[in-house]
Structure formats: C-alpha cells, structure tokens
Amino acid sequence: MKKIIETVPNFSEGRSQSKIRKILDCFSGVKGVKLLDHHTDKDHNRLVITAAGEPASIKKAVLAAVAVAVRTIDLRKHRGEHPRMGAVDVIPFIPIGDTSMEEAVAVSLDVAKEIWRSFRVPVFLYEESASRPDRKALPEIRKGEFEGMKEKIKDPQWKPDFGDAVHPSAGVVAVGARRPLVAFNVNLDTDSMAVATAIARAVRGQTGGLRCCRAIAINLRERGIVQVSMNMTDYTRTPLYRALELVRMEAKRYGVSVIGSEIVGLVPSDAIAQSAAYYMGLENFTTDQILENKLTD
C-alpha cells in the first residue's frame, strides 16, 4: 500500500479570496495530493487547509503554498483574532493508515529545512518533531506572536531550529508531526471577552481544565458574540461532548448560554460517534455498529 500523509497547514489569510484561491490551487493541482477541505474565517483572518497524499507529493504542494503565502501575506498589515506568528503559521503532518509517526517526522524535517533554505523563513519544530521537550507545545512557541518574535529569538532558548532572523513580512513557522487533532469551537450569546477568557481558562488543561484541551477566547466581531476556540489534542481521552458540557457549565456562572458550536476542518467519525452516544444515552454502543464502518472494513 502507498504511504499516506495528511497535512493541515494554517495560513494567516481569511479575507482575500484571490490569495486564498492561489493557496488552494497549490493543493488541487498536484498529482498524488487530494484537497480534502478548507475553512476560512474573517474574524480569525485564517485559512485552514486539509489535504492528504503521498509524502513526496504532499511536500511539493506544501512548499508551493508556502511560496505563495510568503509572497502575498504581509503580517505587518495583518489583523485577526487568532494568535499568529507567521504568514504560514503552522504546518502539521499526520501519519495515516500504515504510515508511521517516524515517517511523518521525516517529512516534517525535509519541509522545515527547505522552508528556511528557499524562503528564509525561520522554522520551529514542534510536537513529535520537537528538538527539545519544552518545544513540543505550539502555544509556547507562538507566545509573543509575530510582533514579539524578533526579541524572543534573541534568547538562546528560543533560537529557531532552522534560521536565525525573523522574515520581515512572513515571520516564522512551526512545522512538525502530530496525531489527529480536532479544532472545536463553542459560541456564546455574549460579546464579553472577559467572560470567554474566563471560560477558556477553566476549560484548557494547562490551567486546570481538561487534559487534552487547549482553549482561547475569540471575538467574533461580525456576529457580535464571543467564542471559546479549542484544539482537542486527543479526542479519545477528552471527548468533544465533555468539552462542550464544561463550557456550558462554566458559562452558567455568568448567566451566559451556548448558542452553537463548530468543527473546523475534518473530524474522525469516532469523535462524532462518542458525542452522539453520550447525548442519546445509548447503552453498550460501539463504533462497530456504524454502517459505513462495516462497509469499509
């Protein structure tokens, strides 16, 4: 069987349709790569792409997209609610099927080296590709964002793995291999960032919440509401329904209600099945009972 790698690169552009189209074309026009999904958000000012394919083809597509982003996205003019440190903010590689994590790490290293060599954008390695344990977590690397990165990398502890000077308009990028992650957002019926920040703090694992949950507050200005934006780093240990219910519980303290949620990009069917079983009160349910799973066995 062919080796398959999934990639979910995040670009700091969610408003210009012409720029978004040029980036998408890098994935839709490469043999051996399938563009699976893309998600844009004007408030976040971010584009999230999901694609999969053979390692060599995925590397080609990602590097072509990086070239477009570096050429067209200027972070000196970029404003958005989502934290960012680069025109291409993060590039994860996820092993699929029989592909090993070691193979995904090898792809990430090849791409990281080439990004610095070809585009002079410094690279931090993260998650399974991290050069040190204290660099595994993306939020720690991104701290300070684009505006603070020039000062941050003067500290020897934060010298990039590849490169030594922040790109003037494209910043820096994090590249690494990781396990599947679910981007899960919950919307609240308030415009109070203080409330959303307090709830995010209560939910995320780093500050005493759910172990496999990272959370920040986002202001959805166009809708006049706020959002708790979460990355579920291991949905098998911290299910989506648990995160939603904890957000709902914490929101009640402030007289606030949950008015909706969303998944950004793709999601494993098991993650949805977990939530369906919880809310329906299904007894002794397993994913072996899902028809489509049986058909693809």
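As shown above, the structure is provided for reference.
### Details of the overall build of the protein chain
Move 1: Scanning the protein chain for helices and strands turns up nine helices and eleven strands.
Move 2: Relative to the globule expectation of 19 Å for 297 residues, the C-alpha radius of gyration of the protein chain, 19 Å, shows essentially globular dimensions.
Move 3: For the protein chain, the spread of C-alpha atoms along the three principal axes comes to 55 × 50 × 40 Å.
Move 4: Taken across its 297 residues, the protein chain has 51% of its residues classed as buried.
Move 5: Counted over contacts in the protein chain with a minimum sequence separation of 6, partners at least 24 positions apart contribute 72%.
Move 6: With an accessible surface of roughly 14,200 Å², the protein chain has 51% of that area assigned to carbon and sulfur atoms.
Move 7: The protein chain carries 43 positive and 37 negative side-chain charges, and their two centres are separated by 5 Å.

### Description of the environment of Val 247
Move 1: By the secondary structure assignment, Val 247 is in helix α7 (residues 240-252).
Move 2: For Val 247 and Val 258, which are eleven residues apart along the polypeptide, the C-alpha to C-alpha distance reads 7.9 Å.
Move 3: Here Val 247 is in contact with Val 186, Leu 188, Ile 199, Val 203, Val 228, Met 230 and Val 258, once residues within four sequence places are set aside.

### Concerning the packing of aromatic side chains
Move 1: Across all of its chains, the model carries three aromatic pairs by this definition.
Move 2: Note on Phe 124 and Trp 158: the rings are 6.3 Å apart at their centroids and 70 degrees apart in plane angle, and the pair reads as edge-to-face. Placement of the pair is Phe 124 in strand β6 (residues 123-127) and Trp 158 in the loop between α5 (145-152) and β7 (173-177), with a sequence separation of 34 residues.
Move 3: Taking the relative accessible area as the measure of exposure, Trp 158 reaches 12% and is therefore buried.
Move 4: Between Tyr 278 and Tyr 279 the ring centres are 5.0 Å apart and the planes differ by 80 degrees, which places this aromatic pair in the edge-to-face class.

Quick notes on the rules
- Residues numbered from 1 in each chain as written.
- Predicted model: local features only at pLDDT ≥ 70, side-chain atom pairs only at ≥ 80, totals over all residues.
- Heavy atoms only, no water.
- Helix = DSSP H or I, 4+ residues; strand = E, 2+ residues; numbered from the N terminus.
- Rg over C-alpha atoms; globule rule 2.2 N^0.38 Å.
- Buried < 20%, exposed > 50% of the residue type's maximum accessible area, 1.4 Å probe, protein only.
- Contact = heavy atoms within 4.5 Å.
- Areas by Shrake-Rupley, 256 points an atom, 1.4 Å probe, with all protein chains shown as cover.
- Lys, Arg positive; Asp, Glu negative; His and termini not counted.
- Charge placed at Lys NZ, Arg CZ, Asp CG, Glu CD.
- Phe/Tyr/Trp six-rings, centres within 6.5 Å; stacked < 30°, edge-to-face > 60°.

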